[in-house]
Amino acid sequence: RDWPTIREAMLKTLALPKTGMGVNIDIGEEKNIHPADKQEVGRRLSLWALGTVYGRKVESTTGPLPSGHQVRGGEVAVTFSHADGGLVAKGGPLKGFALAGDDRLWKPAQARIEGDTVIVSCPEVKTPVSVRYAWENLPVCNLYNGAGLPASPFRTDDWK
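Let me begin by describing the structure that accompanies this report. Every residue gets a number counted from 1 within its own chain, in the order that chain's sequence is written. Reporting of local features is limited, given that this is a predicted model, to residues whose pLDDT is at least 70; pairs of side-chain atoms are given and counted only at 80 or more, and all residues count toward the totals for whole chains, interfaces and linings. In computing side-chain properties, one takes all heavy atoms of the structure into account and sets aside hydrogens as well as water.

This part covers the sheet that holds strand S8 (residues 130–133). Strands pair in a sheet through their backbones, by hydrogen bonds, and they do so in one of two ways: parallel or antiparallel. Overall, antiparallel pairing links the four strands, which are arranged S5-S4-S8-S10 in an open sheet. The sheet terminates laterally at strand S5 (107–108) and strand S10 (154–155), the two strands that pair on one side only. When DSSP finds at least two bridges between two strands, those strands are taken to pair. Numbered from the N terminus, helices here are DSSP runs of H or I no shorter than four residues, and strands are runs of E no shorter than two. In terms of strand pairing, strand S4 (residues 97–100) meets S8 through four bridges, oriented antiparallel. Considered in S8, the bridge of Ala-98 is made with Arg-132.

Another point: the sheet that holds strand S7 (residues 117–121). Across the sheet, four strands lie side by side as S1-S2-S7-S6; this open sheet has antiparallel pairing. What marks the edges here is a single partner per strand, and that holds for strand S1 (65–72) and strand S6 (110–114). Neighbouring strand axes in the sheet, compared pairwise and without regard to direction, differ in orientation by 25 degrees on average. Inspection of the sheet shows strand S2 (residues 75–81) paired to S7 by five bridges, in the antiparallel sense. By the bridge assignment for S7, Val-76 is matched with Val-120. Helix axes use the C-alpha atoms of the stretch in contact, all axes being lines fitted to C-alpha atoms, and the angles between their N-to-C directions lie in the range 0 to 180 degrees.

What follows deals with the pairing of S2. In terms of burial, S2 is a largely internal element, five of the seven residues being buried. Between S1 and S2, which follow one another and run antiparallel, lie two residues, and Gly-73 among them has a positive phi close to 65 degrees. Exposure classes here rest on a 1.4 Å probe applied to the protein chains alone. A residue is buried below 20% of its type maximum, exposed above 50%, and partly exposed in between.

Structure follows, in structure tokens:
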């Protein structure tokens, strides 16, 4: 299966009015699209509904979502919306980022948080063109917001 592109299709639906998404990348299971922890899935979806539809005050309505990126020399700066409470690397240094140059060869990358931005770099990719996060069927990733909600997997390219 190609879970990254399925997840991306869900992320793209957010362009439609009155749509929301609960990111559950951290509680999924390798061989089952439906996480066993239904209560947490429901809680995350309820945050969006309560905060967006019902106007209630919640810590965050969703996890961090990519809102733009900029190549700056040998690194890429990715900005995020829904970085409520700040961006957080849960359990240690950021994991799950990869960079590619014009050759389209993906290399594992280092990443660091600066405000609502993640700066991604890799010594093997001198002139980066694109960045991906959690772009695997079963990714190891740990970017969250301060409300404890995980970031959505994403990519800045449209390569096959």
